[in-house]
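# Examining the three-dimensional arrangement
One letter stands for each residue in the lines below.
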Amino acid sequence: MEGTRYNDYARPFMNEKMNSWYPFSSYASMRWPVFAGESIYKNGYWVRHLHCDSMELLVILDGDMTVTSENEAHLVRAGETANIPPGFRKLETGPSGFCHKLSVGIDGNIFRLVMKVMNLDRFDIMKDFMTPEFEKLYQRIATLLDARDPSTIPELSNLAYSALMYVSMRKEMQHLPR
């Protein structure tokens, strides 16, 4: 990605399986899961994206990560999920020196139109996000992106919408009075 910088000294010590596919299709231009993958960052690793068009969901499975978005640093701990809006972001290992994460990026013209209405235009940390429902959704997105089968383009676009709806609903639910 243009404008992306890595800590190349620590890069050999990280492990990442990222699936990405952006086919030429009207479905992809409307709403699309741009990437989905799993990463393990070791102490000292960081990546900085000067401009990113996609919204990113960052599910921390173990360890922690410091995420800088909208010029503010946030610590995201194991069991938490960060909703990172499009724009500048820096991801780096947190105080534990280790981070095991899942991530999904979503982009598209329709996404950009509804981002504010769905309350996805601001950085937020959600607790208890990783449910069996989301895990199934994530696994299907990652599998289909990896396969790059044109017959699955409509399904991938619908999965992106389902992921957006899930995130929007979870954000709303965490702010309701208990």
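The sections below set out a description of the structure shown in this document. All figures in this text were calculated on a predicted structure; none of them were measured in a lab. (Residues numbered from 1 in each chain as written. Predicted model: local features only at pLDDT ≥ 70, side-chain atom pairs only at ≥ 80, totals over all residues. Heavy atoms only, no water.)

### What to know about the packing of helix H3 (residues 132-147) against helix H4 (residues 153-174)
- Where H3 meets H4, the axes come as close as 10 Å, and the angle between the chain directions of the two elements is 150 degrees. Accordingly, the angle class assigned to the pair H3 and H4 is roughly antiparallel. The interaxial crossing formed by H3 with H4 has left-handed handedness. Seen from H3, the contacting residues are Glu133, Phe134, Leu137, Arg140, Ile141, Leu144 and Leu145; seen from H4, they are Glu155, Leu156, Leu159, Ser162, Ala163 and Tyr166.
- Partitioned by chemical class, the residues of the contact of H3 with H4 number nine nonpolar, one polar and three charged. (Axes fitted to C-alpha atoms, helices over the stretch in contact; angles between N-to-C directions. Helix = DSSP H or I, 4+ residues; strand = E, 2+ residues; numbered from the N terminus. Parallel < 35°, antiparallel > 145°, perpendicular 65-115°, else oblique. Left-handed = near helix turned anticlockwise from the far one by under 90°. Contact = heavy atoms within 4.5 Å. Nonpolar A, V, L, I, M, F, W, Y, C, P; charged D, E, K, R; others polar.)

### Describing H3
- With 16 residues, H3 extends 22 Å from end C-alpha to end C-alpha; this agrees with the ideal 22 Å at 1.5 Å per step.
- Residues of H3 that are buried: Phe134, Leu137, Tyr138, Ile141, Ala142, Leu144 and Leu145.
- Buried residues along H3 sit against strand S2 (15-20), strand S3 (32-42), strand S5 (55-69), strand S9 (98-107) and H4.
- Positive phi appears at arginine 148, one or two residues downstream of H3, with a value of about 55 degrees. (Expected span 1.5 Å × (residues − 1). Buried < 20%, exposed > 50% of the residue type's maximum accessible area, 1.4 Å probe, protein only.)

### As for the packing of aromatic side chains
- Applying the stated criterion across every chain yields a total of five aromatic pairs.
- Ring centres of phenylalanine 134 and tyrosine 166 lie 5.5 Å apart, and the angle between their planes is 25 degrees; on these two criteria the pair is classed as stacked. Pair noted here: phenylalanine 134 is in helix H3 and tyrosine 166 is in helix H4, with a separation of 32 residues, a long-range link. The two residues phenylalanine 134 and tyrosine 166 agree in class, both being buried.
- Members of the aromatic cluster, each reached through a chain of ring pairs, are Phe129, Phe134 and Tyr166.
- Looking at lysine 90, its charged tip hangs above the ring of tryptophan 46, at a distance of 5.1 Å from the centre. (Phe/Tyr/Trp six-rings, centres within 6.5 Å; stacked < 30°, edge-to-face > 60°. Lys NZ or Arg CZ within 6 Å of the ring centre and 35° of its normal.)

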